Amino acid sequence: MTVKIYVPRDAAAIALGADKVAAALDREIAARGIDATIVRNGSRGMFWLEPLVEVEVAGERIGYGPVRASDVPALFEAGLVTGGDHRLCLGKVEDLPFLKEQTRLTFARCGITDPLSLADYETHGGLKGLRRAVSMTAGDIVKQVTDSGLRGRGGAGFPTGIKWKTVLDAAGDRKYIVCNADEGDSGTFADRMIMEGDPFVLIEGMAIAGLATGATKGFVYTRSEYPHAIAAMTAAIGIARQNGILGASVLGSGKAFDIEVRSGAGAYVCGEETSLLNSLEGKRGVVRAKPPLPAHKGLFDCPTVINNVISLASVPVIMDKGAEHYRDFGMGRSRGTIPLQIAGNVKYGGLFETAFGLSLGEIVDKIGGGTASGRPVKAVQVGGPLGAYFPRALFDTPFDYEAFAARDGLIGHAGLVVFDDTADMLKQARFAMEFCAVESCGKCTPCRIGSTRGVEVVDRIADGIEPEKNRALLADLCNTMKFGSLCALGGFTPYPVMSAMTHFPEDFVPGPVAEAAE
Amino acid sequence: MNVNVAVGENARRAQAVIDGLKSLEGPLLPILHGIQEEFGYVPQDVLPLIANELNLSRAEVHGVLSFYHDYRDHPAGRHVLKLCRAEACQSMGGDRLAGRVKQLLGIDFHETTPDGSVTLEPVFCLGLCACAPSAMLDGELHARLDDEAVEALVVEARR
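Residues numbered from 1 in each chain as written. Chains lettered and ligands numbered in written order. Predicted model: local features only at pLDDT ≥ 70, side-chain atom pairs only at ≥ 80, totals over all residues.

Enquirer: Looking at this structure, how should I read the overall build of chain B?
Expert: A tally of regular secondary structure across chain B gives 7 helices and 5 strands. Once the C-alpha set of chain B is aligned to its principal axes, its extents read approximately 50 × 35 × 25 Å. Sorting the 159 residues of chain B into buried and exposed places 40% on the buried side. Contacts in chain B between residues at least 24 apart in sequence constitute 59% of all its contacts with a sequence separation of at least 6. (Helix = DSSP H or I, 4+ residues; strand = E, 2+ residues; numbered from the N terminus. Buried ≥ 20, exposed ≤ 12 C-beta atoms within 10 Å, placed from the backbone. Contact = placed C-beta atoms within 7 Å.)

Encoded structure:
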């Protein structure tokens, strides 16, 4: 029987040499005349083990990692095809604690299947949700999504079902489903992993959204920085079209739905939904004032559902296993699972899907294993460049939308960036302002001007110029930006700035030289 | 007013890109991406052609072009090296590595080496945040970079 050897095609695995490993495996297979085939799967999300090579032996997947191309001949000598022992052997992949402790609903197939094999997708439970949706009324689909408690995974946490209901009820002969795949937050890669590792689940989720709202056209707006995701999504959409999942009659339902992939052009602000819509229309990515809501007047002024990749990719399992199955995970008003992305200076970095409710400390210290540098953790930025820096003192905060908001933070798209004790929090606060200045769309004054003034004020604090007065000025400026900005870019930049200043005041005190000069 | 309009071969190449994409909904970004792929940058004299085809003013096309970081108004070096400058890479010493690369190339961000071999650009996140720091050289990704790895990248880029 042909042995299957898996080597991820995920961009991070490739960045760590997966293509070279696959080529080396290919050479050895040919040279040794072994009956084996290489499958390019998605990533399991354990990036410290990438490239992670897996071999299927008697129905079990045995892992080896991190593998370098130069390790490949020795792996064959050690009996790779029969799961032979080697210093890189990890045993059964499913038994690795990092995977075993997860609840994989949205990422159930990611890293297991060939992302572009529709047969694989169906064998592992794919299309069941869409088949069920086809047999239901639009209203019932919306109700099931509402009942699941699913909230927008892009960061805002708005209930997905309510958004869909608004579009379903909106009058319009043309409606759109827009997938926000403009994953620009540092520390996040869940959208990328789904698009590269299980693109059909996103297609299925978008098709369900189409059936639920009467929309016939979908767009996946992603980043030019994600060429592998663009290629995988485009290929998967083509396959879905050939197989009647997309097109004039979705799975023979008589209802049309098709999807197009669009690439952004390097503007962070286009992750903001109204800016994204302008960009899709071919305009400058300037934020729109709300109302009107995109659900009423969105893309080309038509009723539009705009959802994050993970929100849409979570819909198929909700339709398949039921609203209750999903809702039973989680805490408070944060229902279901969340793909945590543990990143930065961390020992075990990767994607960890779990029910809401783990404490920040459990995530960073236990799952992440502390820092990669081995130094103490100083701060964790949660929720991307617009998220707050959390000190160890707040490590008891449970991972939940409301719990983070109560501590002047946000969970955002669930990215966590760990910093060790060498981090200078004043520098991080300056960066937040600088980033906002570079990426501001320019429409509103607090964001456009405030961010530039913010950089200057932080610099004055660093230079020891009237530090007390300038710290108060920075707090006042943050207040203006928070309440006066049109969107989350200007409105949330104060989170990293204020959290850095509040939790790490020692970094905002000028050095001894500057003090002496006063 | 500068009203240079592409003629001859350039106009033909630009027109082919526009014709292939103008039937899309919201075609301007795809067209600009296509033009940049074709020419390596977006030549100013192509803007009137795009404007005319999409029934926009040249100023509107210019406004869109200048809003997005990706589009260039002049050719880049033979190789483009993008270094991630976002937080996850910062936490793993990205700033220090960026300093090293600038020193090795003798240029700052947004600049091209005098021999035209490398353009250095910042990028805010390549989605490789659990294996930082990262970079992209001519579309190829590189992660978990250290001094040795960036030096190898610079050598490769200077070729």
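That covers the picture; the talk isn't over yet.
Enquirer: What's the story with the sheet that holds strand S15 (residues 389-391) of chain A in this structure? I'm lost.
Expert: Sheet strands pair by backbone hydrogen bonding; their relative direction is either parallel or antiparallel. Residues and elements named next belong to chain A. Reading across from one edge, S13-S12-S16-S14-S15 is the order of the 5 strands in this open sheet, with mixed pairing throughout. In this open sheet, the two strands that pair with only one neighbour each are strand S13 (350-355) and S15. When strand polarity is set aside, the average angle formed by the axes of neighbouring strands in this sheet is 30 degrees. Where strand S14 (residues 377-382) and strand S16 (residues 415-420) come together, 5 bridges link them in antiparallel fashion. Considered in S16, the bridge of Val 380 is made with Val 418. (Pairing = 2+ DSSP bridges. Axes fitted to C-alpha atoms, helices over the stretch in contact; angles between N-to-C directions.)

Enquirer: Looking at this structure, how should I read the interface of chain B and chain A?
Expert: Interface extent is often summarised as the accessible area lost during association of the parts. Listed per partner, the contact involves 33 residues of chain B and 45 residues of chain A. Counting only elements with at least two residues in the side of chain B that touches chain A, the list comes to helix H2 (28-39), helix H4 (58-67), helix H5 (87-90) and strand S5 (140-142) of chain B. For the side of chain B that touches chain A, the per-class residue count stands at 21 nonpolar, 9 polar and 3 charged. (Nonpolar A, V, L, I, M, F, W, Y, C, P; charged D, E, K, R; others polar.)

Enquirer: Is there a simple way to think about the domain arrangement of chain A in this case?
Expert: All names here are of chain A. The assigned domain composition of chain A is domain 1 (3-95), domain 2 (118-327), domain 3 (330-420) and domain 4 (425-517). For domain 2 and domain 3, the distance between their C-alpha centroids amounts to 26 Å. Between domain 2 and domain 3, the contact holds 20 residues from the first and 18 residues from the second. When residues of the side of domain 2 that touches domain 3 are traced back to their parent elements, those giving at least two are helix H9 (190-197), helix H13 (309-321) and helix H14 (323-327). A breakdown of the residues in the side of domain 2 that touches domain 3 according to their chemical character gives 6 nonpolar, 9 polar and 5 charged. (Domains from an automatic or database assignment.)

Enquirer: Could you clarify how one ought to interpret the confidence of the model for chain B in this entry?
Expert: Regions with low pLDDT should not have their predicted coordinates read in detail. Per-residue confidence for chain B averages 95 on the pLDDT scale, and 98% of its residues sit at or above 70. Complex prediction metrics read pTM 0.96 and ipTM 0.96. (pLDDT = per-residue confidence, 0-100.)

Enquirer: How should helix H19 (residues 467-484) of chain A be read in this particular structure?
Expert: A turn of α-helix holds 3.6 residues, and therefore any two residues three or four places apart point the same way. All names here are of chain A. Taking 1.5 Å per residue, 18 residues should reach 26 Å; H19 reaches 25 Å between its end C-alpha atoms and fits that length. Buried residues of H19: Asn 470, Leu 474, Leu 477, Cys 478 and Met 481, and no others. Down the axis of H19, the smallest arc covering the buried residues is 105 degrees, so these residues share one side. Along H19, exposed side chains directed more than 90 degrees from the buried face belong to Glu 468, Lys 469, Ala 472, Asp 476 and Phe 483. Looking at the buried positions of H19, the neighbouring elements they touch are helix H18 (445-462), helix H20 (488-492) and helix H21 (494-503). (Expected span 1.5 Å × (residues − 1). Arc of directions from axis to C-beta.)

Enquirer: Explain the pairing of strand S7 (residues 217-222) of chain A to me, please; I cannot follow it from the model alone.
Expert: Along any regular strand, the residues point their side chains to alternate faces of the sheet. All names here are of chain A. Of all 6 residues in S7, 6 are buried; the element is thus mostly enclosed. Where strand S6 (residues 176-181) lies against S7, 6 bridges are found, and the strand directions are parallel. The residue bridging Tyr 176 from the neighbouring strand is Lys 217, located in S7. Where S7 and strand S8 (residues 258-263) come together, 6 bridges link them in parallel fashion. Residue pairing in the sheet places Lys 217 in a bridge with Asp 258 of S8.

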